[in-house]
Amino acid sequence: MNDVQTISPVRIAANHAVTKRLGNWTAERHFQVRAHRGVAVLDLRSPHIPAGDITIDLDLEHAMTKLLVDDDAVVEDWDLLRIGRGRVKDGEAPKGGGGRRIVLTGQLRQSEVRVHRGGIAVLSAMFSREFLVDARQAYKEGRTPTVADPAHTS
């Protein structure tokens, strides 16, 4: 009997569209993002995501993926193939390791990955329809919205 467990990644498509996954939307650590002339936004700040490395397999063509991560997260893009003007923009990357590691693989064709941390990640989440829907629902239920900061639950 084979004891190796096959982990199927969460698949996210953003073809000619904007796809957002914000707040406490998953408890998985493996993702596949496929986008052609679209935008995919992934919130990876949730406390529901178990400890360990997060892996994201990208296949982007003329597209953009935005990652909302914790301040100390380390984004590793060594195995990411860039074709044309593909790039990873992470202006506030931590100088030392120690936080959760996010491993990017796959390829970027005339595309980019933007990494938002801290307050910028909160603002990115707040300026979305998903936040407005969550805020209205939270008000009705008498709780705190979780889209802006998934770790803040009460």
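Above: the structure in question.
Residues numbered from 1 in each chain as written. Predicted model: local features only at pLDDT ≥ 70, side-chain atom pairs only at ≥ 80, totals over all residues. Heavy atoms only, no water.

*Asks:* Can you lay out unusual backbone geometry for me, pointing to particular residues and giving the numbers?
*Replies:* You will see that His62, though not glycine, has its phi angle at about 50°, which is positive. What makes His62 partly exposed here is its relative accessible area of 36%. In this structure, Gln110 takes a positive phi of about 55° despite not being glycine. Along the chain, Gln110 turns up in the loop between strand E10 (101–109) and strand E11 (112–117). (Buried < 20%, exposed > 50% of the residue type's maximum accessible area, 1.4 Å probe, protein only. Helix = DSSP H or I, 4+ residues; strand = E, 2+ residues; numbered from the N terminus.)

*Asks:* Can you break down the side chain of Asp43 residue by residue, with the values?
*Replies:* With respect to the helices, strands and loops of the structure, Asp43 is situated in strand E4 (residues 39–43). We classify Asp43 as buried; its relative accessible area is 0%. Setting aside anything within four residues of it in sequence, one finds Asp43 in contact with Arg21, Leu22, Gly23, Trp25, Leu68, Val147 and Pro150. (Contact = heavy atoms within 4.5 Å.)

*Asks:* For the packing of aromatic side chains, give the residues involved together with the corresponding values.
*Replies:* Using the criterion set out here, one finds 1 aromatic pair in the structure. Between Trp25 and Phe31, the ring centres sit 5.5 Å apart and the planes meet at 40°, which makes this aromatic pair tilted. Residue Phe31 is classed as buried on the basis of its relative accessible area, which comes to 2%. (Phe/Tyr/Trp six-rings, centres within 6.5 Å; stacked < 30°, edge-to-face > 60°.)

*Asks:* Residues and numbers for the nonpolar core, please.
*Replies:* One broad trend across soluble globular proteins is that nonpolar side chains are buried collectively. One finds Leu44, Ile56, Leu58 and Leu104 to be the most contacted residues of the largest nonpolar core, which totals 24 residues. Listed by contribution, the elements that provide at least two residues to this core are strand E1 (10–15), strand E3 (30–36), E4, strand E5 (54–61), strand E6 (64–69), E10 and E11. With 4 residues, E5 is the largest single contributor of residues to this core. The contacts of Ile56, once residues within four sequence positions are left out, are Phe31, Val33, Leu42, Leu44, Leu67, Ile102, Val103, Leu104 and Thr105. (Core = buried A, V, L, I, M, F, W, Y, C linked by side-chain atoms within 4.5 Å.)

*Asks:* Pulling in residues and values, what's your account of a negative patch on the surface?
*Replies:* Together, Asp70, Asp71, Asp72, Glu92 and Asp149 make up a region of like negative charge exposed at the surface. Within the secondary structure layout, Asp72 lies in the loop between E6 and strand E7 (74–76). Since its relative accessible area comes to 43%, Asp72 is described here as partly exposed. (Patch = residues over 30% accessible without salt bridge, like charges linked within 9 Å, V, L, I, M, F, W, Y side chains within 5 Å. Areas by Shrake-Rupley, 256 points an atom, 1.4 Å probe, with all protein chains shown as cover. Salt bridge = Lys/Arg side-chain N within 4 Å of Asp/Glu carboxyl O. Lys, Arg positive; Asp, Glu negative; His and termini not counted. Charge placed at Lys NZ, Arg CZ, Asp CG, Glu CD.)

*Asks:* Hey, could you go over the environment of Arg34 for me, with residue numbers and the actual values?
*Replies:* Position of Arg34 among the secondary structure elements: in strand E3. Put simply, Arg34 and Leu60 are 26 residues apart on the chain and 5.8 Å apart in space, counted from C-alpha to C-alpha. Discounting chain neighbours no more than four positions away, the residues touching Arg34 are Ile12, Ala13, Ala14, Asn15, Asp57, Leu58 and Asp59. In terms of polar contacts, Arg34 uses its side chain to reach the side chain of Asp57, at 3.0 Å. (Polar contact = N/O pair within 3.5 Å; in protein donor to acceptor, adjacent residues only side chain to side chain.)

*Asks:* A description of a nonpolar patch on the surface should follow, citing residues and the corresponding values.
*Replies:* A cluster of nonpolar side chains, Ile120, Leu123, Met126 and Phe127, forms an exposed patch at the surface whose accessible area comes to about 410 Å². Inspection of the secondary structure puts Leu123 in helix H1 (residues 118–126).

*Asks:* An account of the sheet that holds strand E2 (residues 18–21) is needed here, citing residue identities and associated values.
*Replies:* A sheet is described by the order of its strands in space; here 5 strands give the open sequence E2-E4-E6-E11-E9, paired in parallel fashion. Looking at which strands have only one partner, the edges of the open sheet turn out to be E2 and strand E9 (87–89). Taken over all neighbouring pairs, the strand axes of this sheet differ in orientation by 10° on average, direction set aside. Bridging between E2 and E4 involves 4 bridges; their strand directions are parallel. Paired with Arg21 across the strands is Leu42, a residue of E4. (Pairing = 2+ DSSP bridges. Axes fitted to C-alpha atoms, helices over the stretch in contact; angles between N-to-C directions.)

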